[in-house]
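Coordinate analysis (summary)
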2 protein chains.
Amino acid sequence: KKSRHSTLNHLSFEGVWPLPQAFTSSTERYPLNPQAFYFGYGKQSAAQQGCSVLDTAFKRYFSLIFPDYSSVDQWAFVDKPFLVEVSVDQDDCESYPQEDSSEKYNLSVCEGKASLKAETVWGAVRGLETFSQMVYQDDFGSYFVNKTEIEDFPRFQFRGILLDTSRHYLPVQAILKTLDAMAYSKFNVFHWHIVDDPSFPYQSSTFPDLSSKGAFHPMTHIYTQSDVRRVISYARLQGIRVLPEFDSPGHTKSWGKGQSDLLTPCYRGSTPSGTFGPVNPVLPSTYQFMEKLFKEVSSVFPDSYIHLGGDEVNFSCWKSNPDVRAFMQKMGFGADFTKLEAFYIENIVNITSALNKTSIVWQDVFDYHEKIPEDTVLHIWKGLPEVYQTELSRITKAGKRVLLAAPWYINHISYGQDWRNYYTVQPQNFSGTEEQKKLVIGGEVCMWGEYVDATNLNPRLWPRASAAAERLWSDEKQTSSVDSAFPRLQDFRCKLVRRGIQAEPLYVGHCKHEYQGV
Amino acid sequence: KKSRHSTLNHLSFEGVWPLPQAFTSSTERYPLNPQAFYFGYGKQSAAQQGCSVLDTAFKRYFSLIFPDYSSVDQWAFVDKPFLVEVSVDQDDCESYPQEDSSEKYNLSVCEGKASLKAETVWGAVRGLETFSQMVYQDDFGSYFVNKTEIEDFPRFQFRGILLDTSRHYLPVQAILKTLDAMAYSKFNVFHWHIVDDPSFPYQSSTFPDLSSKGAFHPMTHIYTQSDVRRVISYARLQGIRVLPEFDSPGHTKSWGKGQSDLLTPCYRGSTPSGTFGPVNPVLPSTYQFMEKLFKEVSSVFPDSYIHLGGDEVNFSCWKSNPDVRAFMQKMGFGADFTKLEAFYIENIVNITSALNKTSIVWQDVFDYHEKIPEDTVLHIWKGLPEVYQTELSRITKAGKRVLLAAPWYINHISYGQDWRNYYTVQPQNFSGTEEQKKLVIGGEVCMWGEYVDATNLNPRLWPRASAAAERLWSDEKQTSSVDSAFPRLQDFRCKLVRRGIQAEPLYVGHCKHEYQGV
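Rules behind the numbers
- Residues numbered from 1 in each chain as written.
- Chains lettered and ligands numbered in written order.
- Predicted model: local features only at pLDDT ≥ 70, side-chain atom pairs only at ≥ 80, totals over all residues.
- Heavy atoms only, no water.
- UniProt positions renumbered as here; feature names shortened; annotations may be inferred.
- Salt bridge = Lys/Arg side-chain N within 4 Å of Asp/Glu carboxyl O.
- Helix = DSSP H or I, 4+ residues; strand = E, 2+ residues; numbered from the N terminus.
- Buried < 20%, exposed > 50% of the residue type's maximum accessible area, 1.4 Å probe, protein only.
- Contact = heavy atoms within 4.5 Å.
- Buried area = accessible area lost by both parts, 1.4 Å probe.
- Polar contact = N/O pair within 3.5 Å; in protein donor to acceptor, adjacent residues only side chain to side chain.
- Nonpolar A, V, L, I, M, F, W, Y, C, P; charged D, E, K, R; others polar.
- Domains from an automatic or database assignment.
- 1 Å grid on protein atoms, 1.4 Å probe; cavity = no way out; pocket = protein on both sides within 12 Å on 5 of 7 lines; lining within 4 Å.
- Points joined across faces, edges and corners; volume = space filled by probe spheres on them.
- Phe/Tyr/Trp six-rings, centres within 6.5 Å; stacked < 30°, edge-to-face > 60°.
- Lys NZ or Arg CZ within 6 Å of the ring centre and 35° of its normal.
- Pairing = 2+ DSSP bridges.
- Axes fitted to C-alpha atoms, helices over the stretch in contact; angles between N-to-C directions.
- Least-squares fit on C-alpha atoms with pLDDT ≥ 70 in both.

Per an unreviewed UniProt entry, chain A goes by Beta-hexosaminidase and derives from Lates calcarifer. Within the UniProt record for chain A, the comment given under Subcellular location (unreviewed entry) is "Lysosome".

If you want it as structure tokens, here you go:
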């Protein structure tokens, strides 16, 4: 324990996860008195008091920096004030973080003062997170921070976590808690896989039957418009984008309950079997419905991206349906149902393009159909390294941007330290030019919901997702050793626990402050 | 949903996990009004008001039966009183549950009254659990119970859960919560693997240095005498025995920190290497220490059983030590270190026998040494079915009683429905006579702590351990189908969630009341 502490004293940046890009640190340390600790705006800062993002961040981080302040306030302290002065170049206080928002920041800690400079408020929020992780307590409970210089920025612009609220419903509170923990690991995209086969919890104002008939329960297992706004605004304050996914034409069983004629009737021989397949791609009403739905979704979710799914379309029902077959003939698709799938997706992408949204689709769409709009992002989810590396090559060779999820399906659990596998992923290790490598916009950790709900979400996500977070934020060369990462991740995991996140242990040992929420 | 409910209405025993041995049930249902619902003692009952076990059980089960009573009390209800009348043959209210305590009970539910009869208060507690699971709410929130007759008793007398508080410290609160959940699945033994290599959290009054030097932290990561008493008395009220394990001579690294000369100094060539091995079996001081320690432990833990460990002894350190080698020679053990291990265990068993405790040891002890006291229980932890079945045969053939843990190492996790494996275990399926089969006293679910602490304990334990619970309580023939168990276990899991246990989902779906403790 003693040696651990002195290590932290000497190298305070070691306590920061994900590792900053560049830092110098010294053993010189400054005591922090919670009674004389202030956040403030620099004189030149484009954002000033009243800035919603930073005002709330100051409040939030004060509590995170001084977790047991209430028990401290009667102690005797050196009465030196300490100011964290934040300056940003842009007044983007009331905007939403976007794909091209800078998250770069510089942080300089010296006697009595920390200067945090960033281009945007989102960069400032990342810097506050870093600062909060640098503060530590000695054995007497006094707070300290070491003299430090940090220049930091993310390696990838897209660092996401997918939650699946269809296979199990997640209470809004569980989503908000996840957003908190995401900010601690500097994740910046919450990919909300909000509906799927088992349930449709999104309460649409245009089509209320979708949730009243398609949710597990029409009142207790839905996300109202107000719930969705709450999630989006909570995420915004942490610099997190909310990327909604309305996956089609497959994965839509629950849609059919509240919207008749949307799904393809499957046939047994010459009669309908009573079961339904993917969305029916041959009816004009389908596209009219989708246009209305996506118009609503586009206005509810402010992000300029939308996820359209497009994965795992089973063709057997389409094949069985005489109307679908007739349409295939008319369109000259022959017996190639991938053409029908491509036709469908093209229509949907056109709808969302007209709504000024950039589309993300699962890799299946590329595999079927190379001619998709230039700016569409392909999302790779299949296979082991050899498999996804080939896909990375192929897609980027076609000039398309790509997002990597395949190695981070962390709903798959196994005994032991599987975080090591998530840490050692090399997202740009595939055969291709430098230009191709730049088309990798980032990565995503997926927590599919077959076996996950609010009872086990947190210990399964944390700190396993944090391993991916460092891969996506930090310099690969500086973070190539999984063994040096281990004690750092252990420290970080204890910080998560201290902050009330039910992050599971990596191995035998203990935290100074164990989880108390039992 | 509708059909699910009507199923429950028709077959209310289906809602009971583990499945009772014999039951008849009808569709006749009786409304229960929380305002007019009483527990009482039968006139002939040996226990009457003032009985600590039943008085507290009545209070506990009232809250479990009417979880949202506070929101109900203004509703209009049929004002028929309902009495649960409990009668027991023995006044064992202030005793501790023991290995031979009867847990048998009869429960008869009819208009206005449920009669619960048992030989002991422990049987009555099991019956109250069953009754609490039979009560359900209709869609309007009204409570009902169906006309039912149940005769129930456990298949095995020993149904345990092991928690490991050495590899990670578990706050007392986490242990108490586990005891609650154990009672819901009718587990009756908490095997407290309290110390091991990584830490020694048990605060001994005789040897306080063991925890002050051997715990992760001498104040925050220990179990005081008062903590231990609290666990034991909390467990007692639920009819759960507390079986302490002080594993030796291996797994004792943490002991060495607070007790010098206890562990064997390992040698490199002719000089001590500075590292230590298992307990030193050649020094008389070792046995003097153990005698004092076990004297204390025997008086602190009232159960008549004690677990002595004896597993995984590494001989390399003993081999390296010249004093140990000289002792081997003197004793005529040759180069057979299993004889030394047997010699050591024999001494320890003699110590605990003199303290009137029956010993349980891990199977390793039998593998080394067939001549152990008659009543010692062997605990099987190794291998796949073929392996542990052979061990079951061998040990029972030698006339020894046996406890099966091998198939229930549920700290090992994997993706998907691994509870199916825990459910389909057949503890008496090995080659042997009927007499041999009777020597299987029960089974134990082990949650070793390498990767488990209070952050992930509950979702890893529940409902996976409940699968084993039904195997250990219920009739094997009536519970042979894992597929029929599935919806029942799903229902039971939702009950656990409703009771505040963070039990993870078994598959896609939902509970009427989702986990709210995020």
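Turning our eyes to something else, we now look at the pattern of salt bridges. Taken as a whole, this structure holds 46 salt bridges over all chains when the rule is applied. For B:Glu504, the salt bridge goes to A:Arg460, with nearest N and O atoms at 3.0 Å. Note that B:Glu504 is positioned in the segment after helix H19 (482–498) and A:Arg460 in helix H17 (residues 457–461), a pairing that runs across two chains. Residue classification places B:Glu504 among the buried positions, given a relative accessible area of 9%. A residue is classified by how much of its surface remains accessible, and A:Arg460, at 10% relative accessible area, is buried. Across the salt bridge formed by B:Glu103 and B:Arg159, the nearest N and O atoms sit 2.9 Å from each other. With B:Glu103 in the loop between strand S3 (82–88) and strand S4 (105–110) and B:Arg159 in strand S8 (residues 158–164), the pair connects residues that are 56 residues apart, well separated along the chain. Residues B:Glu103 and B:Arg159 agree in their burial class; the two are buried. One connected set of salt bridges, linked through shared partners, spans A:Asp164, A:Arg167, A:Asp196 and A:Glu450.

As a further point, take the interface of chain A and chain B. Across the boundary between the two partners, chain A contributes 44 residues, which contact 44 residues of chain B. In terms of surface lost to chain B, no three residues of chain A exceed A:Tyr415, A:Tyr451 and A:Val518, which account for 21% of the buried area on that side. Here chain A and chain B share four salt bridges between them. Counting every contact that joins chain A to chain B gives 26 residue pairs in polar contact (both at pLDDT 80 or more). Of all the elements in the fold, those that place two or more residues in the side of chain A that touches chain B are helix H5 (172–184), H17 and helix H19 (482–498) of chain A. Here the element with the most residues in the side of chain A that touches chain B is H17(A); it accounts for three residues. Considered class by class, the residues forming the side of chain A that touches chain B number 19 nonpolar, 16 polar and nine charged.

Bringing the UniProt feature "active site" (unreviewed entry) in chain A into the picture now. Residues annotated in UniProt with the feature "active site" (unreviewed entry) correspond here to A:Glu312. Among residues more than four places away in sequence, those in contact with A:Glu312 are A:His251, A:Asp364 and A:Trp381.

Take the domain arrangement of chain A next. Residue and element names in this part refer to chain A. Taken domain by domain, chain A holds domain 1 (22–152) and domain 2 (158–480). A straight line from the C-alpha centre of domain 1 to that of domain 2 covers 36 Å. Summing the contributions of domain 1 and of domain 2, the shared interface buries around 1,800 Å²; its carbon and sulfur component is 49%. At the junction of domain 1 and domain 2, the tally comes to three salt bridges. Arginine 236 is the salt-bridge partner of glutamate 94, the closest N and O atoms lying 3.7 Å from each other. The interface formed by domain 1 and domain 2 includes 15 residue pairs in polar contact (both at pLDDT 80 or more). In terms of residues, the side of domain 1 that touches domain 2 owes the most to one element, helix H4 (residues 121–134), which gives six residues. Within the side of domain 1 that touches domain 2, the residues separate by chemical class into nine nonpolar, six polar and seven charged.

Taken as a whole, this structure holds four cavities of 30 Å³ or more when the rule is applied. By volume, the largest cavity amounts to about 380 Å³. Mapped onto the lining of the largest cavity, the elements with two or more residues apiece are H17 of chain A together with helix H17 (457–461) of chain B. Broken down by class, the residue content of the lining of the largest cavity amounts to 16 nonpolar, eight polar and eight charged.

For the rest of this paragraph, the subject is the packing of aromatic side chains. Tallying each qualifying case throughout the model produces 78 aromatic pairs over all chains. Where A:Phe62 meets A:Phe66, the ring centres are 4.9 Å apart and the plane angle is 55°; that geometry is what we call tilted. In this structure A:Phe66 comes out as buried when scored by relative accessible area, which is 2%. Centroid distance B:Tyr169 to B:Tyr223: 4.7 Å. Interplanar angle 25°. Geometry classified as stacked. Taken as a pair, B:Tyr169 in the loop between S8 and helix H5 (172–184) and B:Tyr223 in the loop between helix H6 (209–214) and helix H7 (225–237) lie far apart in primary sequence, 54 residues in all. The burial state of B:Tyr169 is the same as that of B:Tyr223; both residues are buried. The residue whose ring lies beneath A:Arg29 is A:Phe144, and the NZ or CZ to ring-centre distance is 3.8 Å.

Residues and elements named next belong to chain A. The strand order S8-S9-S10-S13-S14-S15-S16-S17 describes a closed barrel built from eight strands, whose pairing is parallel. Direction aside, the axes of adjacent strands within the sheet are offset by 30° on average. Both strand S9 (residues 189–193) and strand S10 (residues 241–248) contribute to a ladder of five bridges, which runs parallel. By the bridge assignment, histidine 193 is partnered in S10 with glutamate 245. Here helix H9 (residues 284–300) sits on the sheet and contacts S10 and strand S13 (305–309); the angle it forms with S10, its principal contact strand, is near 170°.

Residue and element names in this part refer to chain B. In terms of burial, strand S7 (residues 143–152) is a largely internal element, seven of the ten residues being buried. Where S4 and S7 come together, five bridges link them in antiparallel fashion. Residue pairing in the sheet places asparagine 106 in a bridge with glutamate 151 of S7. When strand S6 (residues 136–137) meets S7, the two strands line up antiparallel, connected through two bridges. Across the sheet, residue tyrosine 136 finds its bridge partner in S7, namely phenylalanine 144. Count of turn residues in the S6/S7 antiparallel hairpin: five residues, of which glycine 141 carries a positive phi of about 95°.

When chain A is brought onto chain B, the operation consists of a screw motion whose angular component is 180° and whose axial shift is 0.0 Å, with 0.0 Å RMSD remaining. What we have between these two chains is a two-fold relation. Looking at the rotation axis and the C-alpha trace of chain A, the residue lying nearest is A:Ser414, at 2.4 Å. In this assembly the copies share their binding face: 100% of the residues contributing to the interface of chain A also contribute to that of chain B.

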